[in-house]
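Close look at the chain arrangement
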Amino acid sequence: MSTLICERLSASTKNKVIFHDISINFPKNKIHCLIGPSGCGKSTFLLSLNGLIEAHTNIKMRGRVLYQSKDIREFDPINLKRTIATIFQEPSPLPFSIKKNFELPLSEINQNKKEYEEIIFNSLQKVGLWNEVKDMLNQSAFHLSGGQKQRLCLARSLALEPEIILLDEPTSALDPQSTLVIEDLLKELKRTKTIIMVTHNLPQAKRISDTVAFFWWEQCCGRVLEHMNTDIFFSAPTTEQALDYINTQRL
Amino acid sequence: MRISSSILYLGLIPGLWLITCTLILGLPQLRLETFLISPSDAGRAGGLLSIIISTLLILTITLVISVPLASATALAMTYFRRYFLKLSRLLSLSLDVLSAIPSVIFGLFGNVLFVEKLNLGHSILSGGLTLAFMILPTMVRTLESSYHEIEKGYAKTTEALGINFSTFIYQIVFPLGLPALIFATILGMTRAMAETAALLFTSGYSDRMPESVLDSGRSMSVHIYELAMNVPGGDKNAYLTAALLVFILLTINSAITYFGYHLNKRLGIL
């Protein structure tokens, strides 16, 4: 069963078409990787799945994104962002203590402050960060390492109980060890969540994803040339471009 | 490199010469009475008590009016920039034009509006209000650029977390913009303290101790102008007032540098 469906989705600015006519279904409880060369619209596509791109840029969207068979434009935009969470490429903690990084978004949905501690504990436990930060919850989140910051951002989003998590190259700024921690975490999370992730790291896509959407710049805009099971994509891609891309990465 | 640093040192010479001369000519007149008694004999004798009090009153009114107004305008502009980009650009342009208007024009505006139309007369209140309007554009622009940087840095993250825009403004933009608010306040304060032209038209010349804000009052800068231009034999006290004013402005400018440094540090590392 698909949790998120894109129907003929296109994005453009006044002068440029970023991606065109993309229709993809993202089934539930799986990790979906969006791969392809830089500049073919993967990140824009990802951020259009919860409407974040339109709010912060002059990019205009056409087509529909359906969540639970309903156009995302029909949802309350603030609630939708909580249900479809976004993790950015650069870890983006708020300029407060670790604790307040959770309290501020939580205060928007839950006024019972007594519950916060438990939520913070559970979220940090899930991302394996609790033992590392339990004694410094009141310290600035900026004191954490890059990997810890990214896990904090993930934990902060998990505290809001999203159903879908969009990740835009979440490990590109991290060392290999932190990357593996995040990957393990995503594999664990897919039991209950749907994960859609942009990555340039093909071995990573191969390791953790269930499906792969291959983006390519063709006829002056980004297009999805293939969307299929990960194993099939890496063993027998159907397009020449995908084969070339996989081989170039192998080199 | 050596030429550019030589030019830099050459450029510093007139400034240092001016400050040193003012301090050398003014400070020998400094007595304890300077701060304890008001001027007498048209400013040739006595101290500067009433002048200092008038200056402080004008400055207080200026800041009480301009700080909340500038802060609210800058926050509104940050909001406008997001939803009404064209209106925000128009507002920014208007503020830039207002910043470039000579202070004497603000003086004339204050004279017509506050002194005559609102019937406040030549008073400390008229002077303070005029200065508030004069420094407002600079303060708003300083604050707005800082608020905008904060907005740019955290807006996407907060929206992705489902945080309302109003919460974002009050919980993130405003607290993080506090150093900028202090910076803008000090900047406005320095400009207001050094202002003469606008006050000549609005707060008047009286060197008596003001009994209320509706009394006429003479600021330090106006006092310097009066003693130097209209009072024969008043130059010694003009230098004393100038030395004190320079001292206060240097202190405030050092504070700007200090807060500016901490502002950058805060925006960069927090």
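Right, let's walk through the structure included here. (Residues numbered from 1 in each chain as written. Chains lettered and ligands numbered in written order. Predicted model: local features only at pLDDT ≥ 70, side-chain atom pairs only at ≥ 80, totals over all residues. Heavy atoms only, no water.)

So, the interface of chain B and chain A
If you look at the interface, chain B gives 18 residues, while chain A gives 22 residues. Contact between chain B and chain A buries roughly 1,900 Å² in total, counting both sides, with carbon and sulfur atoms accounting for 68%. On the chain B side of the interface with chain A, the three residues burying the most area are K156, E159 and L161 of chain B, jointly 32% of the side's total. Our count for the chain B to chain A interface comes out at 1 salt bridge. Between chain B and chain A we count 3 residue pairs in polar contact (both at pLDDT 80 or more) in total. At the level of secondary structure, the elements contributing two or more residues to the side of chain B that touches chain A comprise α5 (124-160) and α6 (165-176) of chain B. (Contact = heavy atoms within 4.5 Å. Buried area = accessible area lost by both parts, 1.4 Å probe. Salt bridge = Lys/Arg side-chain N within 4 Å of Asp/Glu carboxyl O. Polar contact = N/O pair within 3.5 Å; in protein donor to acceptor, adjacent residues only side chain to side chain. Helix = DSSP H or I, 4+ residues; strand = E, 2+ residues; numbered from the N terminus.)

Details of the pattern of salt bridges
When the charged atoms of two side chains lie near each other, side chains of opposite charge can form a pair. Following the criterion strictly, the structure yields 14 salt bridges over all chains and no others. The salt bridge partner of E159 of chain B is K81 of chain A, with a shortest N-O separation of 3.7 Å. Here E159 of chain B is found in helix α5, whereas its partner K81 of chain A is found in helix α3 (residues 77-83) on a different chain. There is no split in this pair, since E159 of chain B and K81 of chain A are both buried. The salt bridge involving R207 of chain A is made with E183 of chain A; its shortest N-O contact spans 2.6 Å. Taken together, the residues R207 of chain A in helix α9 (residues 202-208) and E183 of chain A in helix α8 (residues 176-189) connect sequence positions 24 residues apart. Its relative accessible area of 42% is what places R207 of chain A among the partly exposed residues. (Buried < 20%, exposed > 50% of the residue type's maximum accessible area, 1.4 Å probe, protein only.)

Some remarks on the pairing of strand β4 (residues 60-67) of chain A
Residues and elements named next belong to chain A. Relative to strand β5 (residues 70-71), β4 runs antiparallel, the two sharing 2 bridges. Bridge pairing in β5 places L66 opposite D71. Connecting β4 to the antiparallel partner β5 that follows it, the hairpin turn spans 2 residues, and Q68 within it adopts a positive phi of roughly 50 degrees. (Pairing = 2+ DSSP bridges.)

Section: helix α4 (residues 103-117) of chain B
Residue and element names in this part refer to chain B. With 15 residues, α4 extends 20 Å between its outermost C-alpha atoms, agreeing within 8% with the 21 Å of an ideal straight helix rising 1.5 Å per residue. The largest bend along α4 measures about 30 degrees and falls at G110. Those residues of α4 lying buried are S103, F106, G107, G110, N111, F114 and V115. Looking at the buried side of α4, the elements it contacts are α3 (85-99), α5 and α8 (197-202). Of the residues one or two after α4, N119 is the one with positive phi, at around 60 degrees. (Expected span 1.5 Å × (residues − 1). Bend = angle between axes of the 7 residues up to and from the residue.)

Some points on unusual backbone geometry
For D21 of chain A, which is not glycine, the phi torsion reads 55 degrees and is therefore positive. Structurally, the position occupied by D21 of chain A is in strand β2 (residues 17-27). The class of D21 of chain A is partly exposed, set by a relative accessible area of 32%. If you check the backbone angles, N119 of chain B has positive phi at about 60 degrees while not being a glycine. When you line up the elements, N119 of chain B lands in the loop between α4 and α5. Overall, the relative accessible area of 66% leaves N119 of chain B in the exposed class.

A short note on the nonpolar core
With 97 residues, the main nonpolar core has F102, L124, L154, L186 and F233 of chain A together with I172 of chain B as its most contacted residues. Sort the elements by how many residues they give to this core and α5 of chain B lands first, with 12 residues. Those residues in contact with F102 of chain A that sit more than four places away from it in its chain are I120, S123, L124, L152, A155, R156 and A159 of chain A. Counting 32 residues, the second-largest nonpolar core is a separate cluster that includes C6, F26, L34 and F45 of chain A. (Core = buried A, V, L, I, M, F, W, Y, C linked by side-chain atoms within 4.5 Å.)

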